[in-house]
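Each chain is listed here by its residues.
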Number of protein chains: 2
Amino acid sequence: MIGLGLIGGSLLRSAAHTGRTVWGASDSTKDATAAADDGFDTSTDVAAALRRAAEADALVVLAVPLPAVEAVLSLVGDHAPRCLLTDVTSVKGPVGEAVRRRVPGARFAGGHPMTGTAHSGWAASSPTLFTGAAWVVCVEEDTELAAWREAAALALGVGAHVVPVTAAAHDEVVARVSHLPHLLAAVLASVGAHGGPLAAALAAGSFADGTRVAGTRPDLVRAMTEGNRAALLPVLDEALGKLGAARGSLASTGGLAATIEAGHKAARSLDEHRHAPHTAVRIDLGAPDARDGLTALGERGGRITAIDGDALTGEVA
Amino acid sequence: MIGLGLIGGSLLRSAAHTGRTVWGASDSTKDATAAADDGFDTSTDVAAALRRAAEADALVVLAVPLPAVEAVLSLVGDHAPRCLLTDVTSVKGPVGEAVRRRVPGARFAGGHPMTGTAHSGWAASSPTLFTGAAWVVCVEEDTELAAWREAAALALGVGAHVVPVTAAAHDEVVARVSHLPHLLAAVLASVGAHGGPLAAALAAGSFADGTRVAGTRPDLVRAMTEGNRAALLPVLDEALGKLGAARGSLASTGGLAATIEAGHKAARSLDEHRHAPHTAVRIDLGAPDARDGLTALGERGGRITAIDGDALTGEVA
């Protein structure tokens, strides 16, 4: 485990809990020391941890913030150039490109657990952080399915379910359901605060809900939104187009029916999808069309829930 | 009480609970019958209820949806043209204008309890709906302070605190903290749903928070947003400007620091205001500068918490 913050720390704790042999390193002395004090095999020597992984053919997990990924990948290229590798960062296309550039020999499958809290650092880590969470493990044309299986087994082992998609599909969808919400929350908070103390006095549920994530640490929000620039720009344009259409309609006809009814219908359709009955699916990782089967499952909103050798079990609505 | 839905019904219940003599009417047979079945003095004869209010010099409360206000005000003009009058609708400027046009002799102070639920109708009403809620009672240059006191006493009696502001200040601020959040939630839900089943599978807390109010009944959201058109347009432009600036910055420099840091700071400043220590204030409704004292208190985010004759007690951060 390279990085011992909220995600890396929680993953070290929960993987250890399932009986895996785990060790970790972080250039944060604070996190590495706190983890060692809690009885874990951790240090600040990232190179040594990587050399040990190369010798043991262990799965290396990059759990560093996005801006630190390039630097750590250089160390991986130097000390474990053929390792099994995954990551837990919030954008997948740019990280995949960085891996191809810096560690071309790695057996890599990118990952992204869709979880987190407002807190950070080893002190905030928890062995149950991933219970019930969606965990994306990317399937690309050049993904070695053996590497994909290792990353998926790690995620399943700590209580998550695995959503198999391409990096491009992941980045587009998280722009819609995670990065845009953060930007809209920031804009709403600013427009609300412009209303002064009276705004604070009259703000009720809709404003509190709509601005909740504006309280997230700005550097974390910047890292994920700026890091997903290519996918976020067209999504931001889509939102601007819809909000501009609402503005135009309100100014010209006085009506907002199209905006409000479309939003209501969309919210209901997403909700119905989440509560739809699921049917079981099976995928054989050894089959020639395994990659297509995985990405088709992910695009339909399905998930892998168990793994046994090459036999994957999952479900889809 | 004219109107026996969620707000009117809850107000009838809670005012009765405090010992007031209350009666109500609704052109919804369902609500009027349900209220009568629960032991309340209600009917579908709005004209008769208004005549009785005129005879008793009772406070008339308009608790009908915004699109029905004009029609009910015509009845008030016919049957109780000099009555004490307040309302509970979500925009105050347009309702105030309608009262001046339709019932110029009314002793009117507009009101807006900042509360509600996702449900509607008498069946959803509750005597504790207003406990701890902010309740705007408008102060205009032509507001009779005796009428203001009656509306404020009703709100305080059912457990709310009273925020005294002008209709214009109310409408601008609710555009910021209530109507814009509903439009952003609608846009976010539509952009999210465009991501298909994968979006439903990967949506986590930020999306759920940001779209929660998109589940509100579209006719209610249309009534409040379209009814506040004049105040909402410039606020919508402010949001479009900020989101457009974020888009421009992301496209040109790749940075979103200005947007994200401003939003974080705004969220913190609103939060700090809400948790700031309060100091007590007193206002004498009989003093010549009472109107200015009330609106100044409201603009500073303050509230009235008790009333005794002309003596108002309140607090401000």
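A quick note: this is a predicted structure, and the numbers were derived from the prediction, not measured.

1. As for the overall build of chain A
Within chain A one finds 13 helices and 11 strands. In summary, chain A has a C-alpha radius of gyration of 21 Å against a globular reference of 20 Å for 317 residues, a match within 12%. In terms of principal-axis extent, the alpha carbons of chain A reach across some 70 × 45 × 35 Å. When each of the 317 residues of chain A is scored for burial, the buried share is 55%. Across chain A, every contact between residues at least 6 apart in sequence was considered, and the portion connecting residues at least 24 apart equals 69%. Computed over 26 positive and 34 negative side-chain charges, the separation of the two mean positions in chain A equals 4 Å.

2. Regarding the relation of the copies chain A and chain B
By a simple turn and slide, chain A fits onto chain B: the slide is 0.0 Å along the axis, the RMSD is 0.0 Å, and the turn is 180°. Both copies are brought into coincidence by an operation consistent with a two-fold rotation axis. Interface residue correspondence from chain A to chain B reaches 99%, placing this contact among same-surface, isologous pairings.

3. Side note on the packing of aromatic side chains
Residue and element names in this part refer to chain A. This structure, assessed with the given rule, holds 4 aromatic pairs over all chains. Here Phe40 and Trp122 contribute two aromatic rings whose centre-to-centre distance is 5.4 Å and whose plane-to-plane angle is 70°, an arrangement assigned as edge-to-face. Remark: Trp122 occurs in the loop between β6 (111-113) and β7 (134-138) and Phe40 occurs in the loop between α2 (29-37) and β2 (42-43); sequence separation between them is 82 residues. A single burial state applies to Phe40 and to Trp122, both of which are buried.

4. Observations regarding the domain arrangement of chain A
All names here are of chain A. We note that the domain assignment places domain 1 (6-165 + 283-316) and domain 2 (171-275) within chain A. Averaged C-alpha coordinates put domain 1 and domain 2 at centres separated by 30 Å. Of the residues lining the interface, 12 residues belong to domain 1; the matching set on domain 2 comes to 9 residues. Counting the contacts that link domain 1 with domain 2 gives 0 salt bridges. Looking at the side of domain 1 that touches domain 2 residue by residue, the class counts come to 5 nonpolar, 5 polar and 2 charged.

5. A word on the sheet that holds strand β5 (residues 107-108) of chain A
Residue and element names in this part refer to chain A. Here we have 3 strands laid out as an open sheet, ordered β3-β4-β5, and parallel in their pairing. Looking along the sheet, the strands with just one partner apiece sit at the ends: β3 (59-62) and β5. Taken together, the 4 bridges between β3 and strand β4 (residues 84-87) define a ladder with parallel strand orientation. Paired with Val60 across the two strands is Leu85, which belongs to β4.

6. What to know about the sheet that holds strand β4 (residues 84-87) of chain B
Spatial ordering of the open sheet is given by β3-β4-β5 (chain B), a layout of 3 strands whose pairing is parallel. The open sheet has two free edges, formed respectively by β3 (59-62) and β5 (107-108) of chain B, since each of these has just one partner strand.

7. What about the interface of chain A and chain B?
Taken together, the contact pairs 87 residues of chain A with 86 residues of chain B. Between chain A and chain B, the buried area comes to about 7,600 Å², and carbon and sulfur atoms account for 76% of it. The tally of links from chain A across to chain B stands at 6 salt bridges. Between Asp237 of chain B and Arg247 of chain A there is a salt bridge; the shortest N-O distance is 2.6 Å.

8. Quick word on the pairing of strand β11 (residues 311-316) of chain A
Walk down a regular strand and you will see the side chains alternate between the two sheet faces. Residue and element names in this part refer to chain A. Only one face of β11 is buried: it carries Leu312, Gly314 and Val316, and the other face, with Ala311, Thr313 and Glu315, is open. Here strand β9 (residues 279-284) runs beside β11; their pairing, made up of 6 bridges, is antiparallel. Residue Val281 lies in a different strand from β11, and its bridge partner there is Gly314. In terms of strand pairing, strand β10 (residues 303-308) meets β11 through 5 bridges, oriented antiparallel. Across the sheet, Asp308 pairs through a bridge with Ala311, a residue of β11. Where β10 hands over to β11, the hairpin turn is made up of 2 residues, of which Gly309 adopts a positive phi near 65°.

Calculation notes
Residues numbered from 1 in each chain as written. Chains lettered and ligands numbered in written order. Predicted model: local features only at pLDDT ≥ 70, side-chain atom pairs only at ≥ 80, totals over all residues. Heavy atoms only, no water. Helix = DSSP H or I, 4+ residues; strand = E, 2+ residues; numbered from the N terminus. Rg over C-alpha atoms; globule rule 2.2 N^0.38 Å. Buried < 20%, exposed > 50% of the residue type's maximum accessible area, 1.4 Å probe, protein only. Contact = heavy atoms within 4.5 Å. Lys, Arg positive; Asp, Glu negative; His and termini not counted. Charge placed at Lys NZ, Arg CZ, Asp CG, Glu CD. Least-squares fit on C-alpha atoms with pLDDT ≥ 70 in both. Phe/Tyr/Trp six-rings, centres within 6.5 Å; stacked < 30°, edge-to-face > 60°. Domains from an automatic or database assignment. Salt bridge = Lys/Arg side-chain N within 4 Å of Asp/Glu carboxyl O. Nonpolar A, V, L, I, M, F, W, Y, C, P; charged D, E, K, R; others polar. Pairing = 2+ DSSP bridges. Buried area = accessible area lost by both parts, 1.4 Å probe.

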